[in-house]
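The lines below spell out each chain.
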2 protein chains.
Amino acid sequence: MMILNNEEVSALLSMENCLRHLEAAYRELAEGAAVNRPRSDLYLPATSSNGVYCFKTMEGALSREKVVALRLNSDVIKWEEKGGRIIKEKVPAAPGNKWVGLVLLFSAETGEPLAIFPDGIIQGIRVAASSALAARFLARPDAAILGMLGSGWQARAHAQAMCEVRGINQILVHSPTKANRESFAAEIEKQLGVSVHAVPSAEAVADRADILVAATNSVSRVIPPEWLKPGMHITCVKITELGEETLAKVDRLVIHTRKWAPDNYITGFNDEKVEAHDPIDLLTDGAKRTSFTPKQPFWLNAPELKDVVAGKLPGRQSPEEITCFNNNIGLGIQFAALGKAVFDDATAKGLGREIPTDWFLETVHP
Amino acid sequence: MMILNNEEVSALLSMENCLRHLEAAYRELAEGAAVNRPRSDLYLPATSSNGVYCFKTMEGALSREKVVALRLNSDVIKWEEKGGRIIKEKVPAAPGNKWVGLVLLFSAETGEPLAIFPDGIIQGIRVAASSALAARFLARPDAAILGMLGSGWQARAHAQAMCEVRGINQILVHSPTKANRESFAAEIEKQLGVSVHAVPSAEAVADRADILVAATNSVSRVIPPEWLKPGMHITCVKITELGEETLAKVDRLVIHTRKWAPDNYITGFNDEKVEAHDPIDLLTDGAKRTSFTPKQPFWLNAPELKDVVAGKLPGRQSPEEITCFNNNIGLGIQFAALGKAVFDDATAKGLGREIPTDWFLETVHP
C-alpha cells in the first residue's frame, strides 16, 4: 500500500488533468456508473479544550476506474466573530500544530487498499476545479475579468482553475487584510502570468468582474444581490457566502448536488441524525434544538452539475444571463477521480513510501 | 500510529473485558455522551468478476474515552442458494485470498490517528458480546442449556460469551454439515470446559434450549415461531434468521438499534439512497427497483439495548416470558469501545508496529 504526502500529490496533479478527470467522473455519475455516499459529520463538543471536535467522512466510487475513495477529516473546530462576520476556523490540534485529513483509496475489483494520503491538496483543487468546470458551461465565453473575494488557499486555486477554462486577462482581488490581498496579487500574477490587482473594496471588485468568486472563510453573506449584473457568473465555496436573496436574483443556477447539507450526528441528540447545514446553533444553544430543522432551500430544484457536464441539461443560453454555481459541497467521487489519477501517476513514477498491503488484509471475516 | 494484526488484537481482548467496555459504551450512549454514524453500504455491481463489490462503513465516538472509530469493509459479495436457503458469502478477493476489514482509531482531543488494525476479531467478539450483554438482562437467571444453530466463527464466539453471563452447563449445537458441528462440539467443549453435544436436528436443539442462538450465514428464517416456549431467550446474528412471525410470538423484545437497515447507495440508482435491508433484490432485478422500499417492521418500537443496559427500561420480568434480542447490526461505538481498549493495552505492553503519525498529518486545510 502506498503512502504519499501533500508535496508528492501536489507535484502529480496539474489543474488541466484535474478538470479532465472530474469531467469524466461527473459523466459517470450522470450515467449511473458512479456513486457517492454523502458527507456525514459526527460532533463531540466535550472532548477538546480547544473547540468542538468533528469527524467528517464521505465516500465515492467509480465503476470504470474500479476504485473507491473514503475521505475523512478529524478536526477541532472553532466559530468566532471577526469584523461582524462569523468565521469557522479549524484548530491545528494534532502534534506539531497540524491538521488531520486523509484520503483512503481501495480497489473495487479485489477490495484491497491501494493508497493513503493527506486530503489537503486534493481538497483545495477539487473545489476550484469543480467551480471552473461549472464556469466552462455557465460563464460567458468572452469572460476576461475574474473577481476574487478572499485571498487564501481556495482563492488561489480558484484563480488558477478559472484561467484554465476562460481567457482571463485580469484578476481583481479583495480581502479584508491589506497585506493578504497584496501578497495574493504579487504571487498569483507571477504564477499565472496574468495582471492581478489588490482592491480595497469588495464592491469595486464585483463592479468590474465577469466571473465573481467568493472564496472566504465567512459563514455569513459576502455577495449581496445588488452587486449582480447581466452577463455575470458567480460562485462560492460556502452556500452562506451568497444567501437566498442573492441566489434568487440569478437567472440560471446550477448546483453541485441535491444533497445540500451533511448528515450531522451530535452527542446529546439521542443518537439521531440532526438536520442543519452548519450545527453551530445546535452546539451553542442546545435548549432550542427542536427548532433547528432547516427548511429545504428553494434552489434545491436547480439542475445538478453532473447533468450539465453530461449534456443532459443546458448551460448558459444568452450573453445577458446571470449564472451561478452553488453548494460546492464535497462529493466522494471527486476524491475517487483525483485520488486514482494521483495513485496511477505515483505508481508509474515510483513515488511514495510502501507499507505491506498484507498488514491491512485478514484471513477471517466473522 | 500503531498497526496491529488480528493475532495481537485477539490476545488483548478477553470476553470479560469486552462485556465491561461495551456495557460502559451503551451507558454513555443512553446518557447522550456517545454518538454513532450508522452503517452505510456502497455497491458497485460491475467492478468485480467474482461477485458484487460493497464498501461498508460505520463510525462511533465516545466522549469519556475521547476516541472515534471508523470501521470499514471493502468486500466482494456473492449470494447463493444452498439447501433451499439463500446464503451470503464474502469472497476473499484480495491478494493471498484474504478479506479487507479495518478499524481506524482517532483521538477526539487532538484529531490525530492512533491506530489501524483489521476488524475481524473485534467484529466476531462485538456481535457475541452484545448478544450476551442483552442475555444478561433478558435470559432467565437459571438458564443452563445453550442451544446453538450454526457452528462457525460467530457461533463459537457466542458460546464463549453466553458462558460469561449465565451458568451454562450444557451446549447443544446443530449445523447442516455433520463434520462442522462435530468439530465445534469437540473444540468448544475443550475450550470452555462445558459439555457440548452435536445434534442432527435444529428442532431438537431448540426443544431443550434455555437460550437459543441463531448464528448462521442464512438470509432466510432459521427459527420458526412454533419452536418458542415459555422462559426461553432467543437471539440471532441476522434479522432474517428469525423473521416477523417468530418475533411476533416473543413477549419481551429488545433491539440493538432503531436504525435497522444500512443506508444503501448503489450505482444505477441515480445517486440516491435506497431503502433495503439487503439489496440482493435490487441488484438482481433492477427493473422492479421502485417497489423495493421496505415497510418499517413492527418491532422497531421495541426498547433499545442501551436503555435496558442503563436501567432506563426493564429487562425480563418473569420466568415465563419469552425474550428476544434482535437486529444486532454493527454500531460504531462497539468498535470505538473495544478498539480503544485494545489500543490502551497494546500501548501498555509495547505491542504492534509503529509508523510515523506525521505521515497522516498535514500543514494545510483548504
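Residues numbered from 1 in each chain as written. Chains lettered and ligands numbered in written order. Predicted model: local features only at pLDDT ≥ 70, side-chain atom pairs only at ≥ 80, totals over all residues. Heavy atoms only, no water.

**Structural notes on the relation of the copies chain B and chain A**
Thought 1: By a simple turn and slide, chain B fits onto chain A: the slide is 0.0 Å along the axis, the RMSD is 0.0 Å, and the turn is 180 degrees. The symmetry that links the two subunits is that of a two-fold axis. Considering only C-alpha atoms, the part of chain B nearest the rotation axis is I355(B), at 4.6 Å.
Thought 2: Most of the interface of chain B is mirrored in chain A, where 100% of its interface residues again form contacts. (Least-squares fit on C-alpha atoms with pLDDT ≥ 70 in both. Contact = heavy atoms within 4.5 Å.)

**Some remarks on the interface of chain B and chain A**
Thought 1: Facing the 74 residues of chain B at the interface are 74 residues of chain A.
Thought 2: A combined buried area of about 6800 Å² lies between chain B and chain A, and 65% of that area is made up of carbon and sulfur atoms.
Thought 3: Where chain B packs against chain A, one counts four salt bridges.
Thought 4: A salt bridge links D358(A) to K98(B), with the nearest nitrogen and oxygen atoms 2.8 Å apart.
Thought 5: The dominant element in the side of chain B that touches chain A, judged by the number of residues it contributes, is strand β2 (residues 34–44) of chain B, at nine residues.
Thought 6: Of the residues that constitute the side of chain B that touches chain A, the class distribution is 38 nonpolar, 23 polar and 13 charged. (Buried area = accessible area lost by both parts, 1.4 Å probe. Salt bridge = Lys/Arg side-chain N within 4 Å of Asp/Glu carboxyl O. Helix = DSSP H or I, 4+ residues; strand = E, 2+ residues; numbered from the N terminus. Nonpolar A, V, L, I, M, F, W, Y, C, P; charged D, E, K, R; others polar.)

**Description of the pattern of salt bridges**
Thought 1: With the rule as written, the count across this model stands at 46 salt bridges over all chains.
Thought 2: Residue E23(B) is joined to R27(B) by a salt bridge in which the shortest nitrogen-to-oxygen separation is 3.2 Å. Placement of the pair is E23(B) and R27(B) together in helix α2 (residues 15–31), with a separation of four residues, close to one helical turn.
Thought 3: By relative accessible area, R27(B) is classed as partly exposed at 35%.
Thought 4: Residue R221(B) pairs with E245(B) through a salt bridge whose shortest N-O separation is 3.1 Å. Of this pair, R221(B) sits in the loop between β11 (211–214) and β12 (233–236) while E245(B) is found in helix α7 (residues 244–248), placing the two residues 24 residues apart along the sequence.
Thought 5: A single network of salt bridges, built from pairs that share partners, joins R37(A), E59(A), R37(B) and E59(B). (Buried < 20%, exposed > 50% of the residue type's maximum accessible area, 1.4 Å probe, protein only.)

**Thoughts on the sheet that holds strand β16 (residues 323–326) of chain A**
Residue and element names in this part refer to chain A.
Thought 1: Taken together, the seven strands give an open sheet; going across it, the order is β10-β9-β8-β11-β12-β16-β13, and neighbouring strands pair in parallel fashion. Strands at the two margins of the open sheet, each flanked by one partner only, are β10 (195–198) and β13 (252–255). Within this sheet the neighbouring strands show an average axis-to-axis angle of 15 degrees, counted without direction.
Thought 2: Sitting on the sheet, helix α4 (residues 153–165) touches β8 (145–149), β9 (170–174), β11 (211–214) and β12 (233–236), and the angle it makes with β8 is about 165 degrees.
Thought 3: Lying on the sheet, helix α5 (residues 178–192) is in contact with β8, β9 and β10; it crosses β10 at an angle near 180 degrees. (Pairing = 2+ DSSP bridges. Axes fitted to C-alpha atoms, helices over the stretch in contact; angles between N-to-C directions.)

**Remarks on unusual backbone geometry**
Residues and elements named next belong to chain A.
Thought 1: We note that K66 has phi near 50 degrees; this positive angle belongs to a residue other than glycine.
Thought 2: Along the chain, the position of K66 falls in the loop between β3 (52–62) and β4 (67–82).
Thought 3: The backbone of N97 sits at a positive phi, close to 55 degrees, despite the residue not being glycine.
Thought 4: Mapped onto the elements, N97 comes out in the loop between β5 (85–91) and β6 (101–107).

**Some points on the packing of aromatic side chains**
Thought 1: All told, the structure shown has four aromatic pairs over all chains when counted by the stated rule.
Thought 2: Between F55(A) and F106(B) the ring centres are 5.2 Å apart and the planes differ by 50 degrees, which places this aromatic pair in the tilted class. Here the residue F55(A) occupies a position in strand β3, and F106(B) occupies one in strand β6 (residues 101–107), the pair thus bridging two chains.
Thought 3: Classification of F55(A) by relative accessible area gives buried; the value is 0%.
Thought 4: In this structure F106(B) comes out as buried when scored by relative accessible area, which is 1%.
Thought 5: Centre to centre, the rings of W260(A) and W299(A) are 6.0 Å apart; their planes meet at 85 degrees, and the pair counts as edge-to-face. With a gap of 39 residues between them, W260(A) in the loop between β13 and β14 (263–266) and W299(A) in the loop between α8 (280–284) and α9 (305–309) connect regions that are remote in the sequence. (Phe/Tyr/Trp six-rings, centres within 6.5 Å; stacked < 30°, edge-to-face > 60°.)

**Concerning the pairing of β4(A)**
All names here are of chain A.
Thought 1: Of all 16 residues in β4, 12 are buried; the element is thus mostly enclosed.
Thought 2: Here β3 runs beside β4; their pairing, made up of 11 bridges, is antiparallel. Counterpart to T57 in the pairing with β4 is L72.
Thought 3: Hairpin connection, β3 to β4: the antiparallel pair is bridged by four residues, and K66 has positive phi, about 50 degrees.
Thought 4: By the bridge criterion, seven bridges tie β4 to β6 in an arrangement that is antiparallel. Looking at β6, one finds that L70 is bridged to L104.

**Digging into the sheet that holds strand β13 (residues 252–255) of chain B**
Residues and elements named next belong to chain B.
Thought 1: Taken in spatial order, the seven strands line up as β10-β9-β8-β11-β12-β16-β13 in an open sheet, and their pairing is parallel. Strands at the two margins of the open sheet, each flanked by one partner only, are β10 (195–198) and β13. Each strand axis lies, on average, 15 degrees off the axis of its neighbour in the sheet, ignoring direction.
Thought 2: As paired elements, β11 and β12 share four bridges and run parallel to each other. Each bridged residue has a counterpart across the sheet, and for I211 the counterpart in β12 is H233.
Thought 3: Contacting β8 (145–149), β9 (170–174), β11 and β12, helix α4 (residues 153–165) runs over the sheet at an angle of about 165 degrees to β8.
Thought 4: Sitting on the sheet, helix α5 (residues 178–192) is in contact with β8, β9 and β10, with an inclination near 180 degrees to β10.

**Describing the packing of helix α3 (residues 120–138) of chain B against α4(B)**
Packed helix pairs are characterised by how far apart their axes lie and by the angle those axes make with each other.
All names here are of chain B.
Thought 1: Running from N to C, α3 and α4 cross one another at 40 degrees; their axes reach a closest spacing of 8 Å. On the basis of their axis angle, the class for α3 and α4 is oblique. The hand of the α3/α4 crossing is right-handed. Here α3 contributes G120, I121, Q123, G124, V127, A128, A129, S131, A132, A135 and R136 to the contact with α4, which in turn contributes W153, Q154, A157, H158, A161, M162 and V165. (Parallel < 35°, antiparallel > 145°, perpendicular 65-115°, else oblique. Left-handed = near helix turned anticlockwise from the far one by under 90°.)

**Considerations on helix α10 (residues 332–349) of chain A**
Thought 1: Under the 1.5 Å per step criterion, the end-to-end length of α10(A) is 25 Å for 18 residues, consistent within 8% with the ideal 26 Å.
Thought 2: Burial of α10(A) is extensive: 13 of the 18 residues sit out of reach of the surface. (Expected span 1.5 Å × (residues − 1).)

**Describing the confidence of the model for chain A**
Thought 1: For chain A, the average pLDDT comes to 93, and 96% of its residues sit at 70 or higher.
Thought 2: Here the complex is predicted with pTM 0.93, and the ipTM for its interfaces comes to 0.92. (pLDDT = per-residue confidence, 0-100.)

**A few points about the environment of G193(A)**
Residue and element names in this part refer to chain A.
Thought 1: Along the chain, the position of G193 falls in the loop between α5 and β10.
Thought 2: With relative accessibility at 66%, the residue G193 sits in the exposed group.
Thought 3: Sequence separation of G193 and N169 is 24 residues, and the distance between their C-alpha atoms is 9.0 Å.

**Some points on the side chain of Q170(A)**
Residues and elements named next belong to chain A.
Thought 1: By secondary structure assignment, the location of Q170 is in strand β9.
Thought 2: A distance of 2.9 Å separates polar atoms of two side chains, one belonging to Q170 and the other to R208.
Thought 3: In contact with Q170, other than residues within four places in its own chain, are A144, I145, L146, V194, S195, H197 and R208. (Polar contact = N/O pair within 3.5 Å; in protein donor to acceptor, adjacent residues only side chain to side chain.)

**Description of the pairing of strand β4 (residues 67–82) of chain B**
All names here are of chain B.
Thought 1: Alignment of β4 against strand β5 (residues 85–91), held across seven bridges, turns out to be antiparallel. Following the sheet pairing, E81 is matched in β5 by I86.
Thought 2: Hairpin remark: β4 followed by β5, antiparallel, with two residues in the connecting loop; positive phi at G83, about 55 degrees.

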